[in-house]
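Residue-level listing of the chains:
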Amino acid sequence: SSELSEAIVIENLVASLSEIKKAIDDSLDSIEIFLLSQSQIIFCTLATAGRPYLRKHIPGVDVLIIDEAGQATEPELLIPYSFRPHKCIQVGDNKQLPATIVSKINRQIVGYDQSIMARLLDRCNLWAPRLREQHRMHAAICSFPSHQYYGNELVPAPFIANRSSPLSGCGVA
């Protein structure tokens, strides 16, 4: 009898917690809808841009800015076009990382070896500014992409070039 009453109490507690979770989820959805409706700028990943929830609450955008466009495949880049942008700006470095897919298929056969950004630049004979000075990597690390992708023209910014290696004193650098 006491085991039965404990089971009923636990069952009621689980039911109450489920109701509370649903109320919290509904509240969060309401907050997100409100924030989306009031926002002038929305940041999200390409994959997140495909959420039906977002498409439902964002009818359209004036300007779509796609970061890391040089690394995205064409299908990925098409996802945010569901927001029907008036203008699209693709930002990225098509000289470093190619369109990235993890698959056993031959990406050259299906045309995914190049991002749409790189394809537009190549096929339309368009010019894009080239990275000359980088602001992130230590000078020793920068030497590889400079040699591999930039014909040794990529240099670290002065504040990076003069910075000591984070590995100094470890017997590594």
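Conventions used here
Sequence order sets the numbering: in each chain, residues are counted from 1 along the sequence as written. Where local features are concerned, this predicted model is filtered to residues with pLDDT of at least 70; where side-chain atom pairs are given and counted, the filter is 80 or more; whole-chain, interface and lining totals use all residues. Each side-chain value is worked out from all heavy atoms of the structure, with water and hydrogens disregarded. Strands are runs of DSSP state E lasting at least two residues, helices are runs of H or I lasting at least four, and both sets are numbered from the N terminus onward. Remark: exposure states derive from per-residue accessible area (1.4 Å probe, protein chains only) relative to the maximum for the residue type, with buried under 20%, exposed over 50%, and partly exposed in between. Here, residues are in contact when the closest pair of their heavy atoms is within 4.5 Å. Here the Shrake-Rupley method, with its probe set to 1.4 Å, supplies the accessible areas, and only the displayed protein chains count as covering residues. As used here, the term nonpolar core means buried Ala, Val, Leu, Ile, Met, Phe, Trp, Tyr and Cys residues forming a set that is joined through side-chain atoms within 4.5 Å. Each patch is built from salt-bridge-free residues with over 30% relative accessible area, joining like charges within 9 Å and nonpolar side chains (Val, Leu, Ile, Met, Phe, Trp, Tyr) within 5 Å. The salt bridge criterion pairs a side-chain nitrogen of Lys or Arg with a carboxyl oxygen of Asp or Glu, the two atoms within 4 Å. Two strands make a pair as long as DSSP finds a minimum of two bridges between them.

Q: Residues and numbers for the overall build of the protein, please.
A: If you tally the helices and strands in the protein, you get seven helices and four strands. For the protein, the α and β elements follow one another from N to C terminus as α-α-β-α-β-α-α-β-α-β-α. The burial tally for the protein puts 20% of its 173 residues in the buried class. Nonlocal contacts in the protein, meaning residues at least 24 apart in sequence, comprise 49% of its contacts between residues at least 6 apart. When the accessible area of the protein is evaluated, it comes to approximately 12,800 Å², of which 59% is carbon and sulfur surface.

Q: Tell me about the nonpolar core, and please be specific about residues and values.
A: Listed in full, the eight residues of the largest apolar core are Leu-46, Leu-64, Ile-66, Ala-69, Ala-72, Leu-77, Met-117 and Leu-121. When residues of this core are traced back to their parent elements, those giving at least two are strand 1 (63–66) and helix 5 (116–123).

Q: Tell me about a nonpolar patch on the surface, and name the residues and values.
A: Nonpolar side chains collect at one region of the surface, where Leu-13, Leu-17, Ile-20, Ile-24, Leu-28, Ile-31, Phe-34 and Leu-35 lie side by side and expose about 790 Å² of accessible area between them. In this structure, Leu-35 sits in helix 1 (residues 2–38). Judged by relative accessible area, which is 48%, Leu-35 ranks as partly exposed.

Q: Now, about the pattern of salt bridges: what can you tell me, with residues and values included?
A: For the structure on display, the rule yields three salt bridges. Of the charged contacts, one joins Arg-51 and Glu-32 as a salt bridge, the two residues approaching to 3.8 Å between their closest N and O atoms. Taken together, the positions of Arg-51 in the loop between helix 1 and helix 2 (52–57) and Glu-32 in helix 1 put the pair 19 residues apart, joining distant regions of the chain. Exposure remark for Arg-51: the relative accessible area of 34% places this residue in the partly exposed category. For Arg-119, the salt bridge identified is with Glu-74, shortest N-O distance 2.5 Å. Taken together, the residues Arg-119 in helix 5 and Glu-74 in helix 3 (residues 74–78) connect sequence positions 45 residues apart.

Q: So what about the pairing of strand 1? Which residues, and what values?
A: When a strand is regular, its side chains alternate between the sheet's two faces. Only one face of strand 1 is buried, namely the one carrying Leu-64 and Ile-66, since none of Val-63 and Ile-65 on the opposite face is buried. In terms of strand pairing, strand 1 meets strand 2 (residues 87–90) through four bridges, oriented parallel. Note on strand 2: the bridge partner recorded for Ile-66 is Gln-90.

Q: Any details on helix 5? Residues and values, ideally.
A: Among the residues making up helix 5, those that are buried are Met-117, Ala-118, Arg-119 and Leu-121. Taken together, the buried residues of helix 5 touch helix 3 and strand 2. Backbone geometry just downstream of helix 5 places Asn-125 in the positive-phi region, at approximately 50 degrees.

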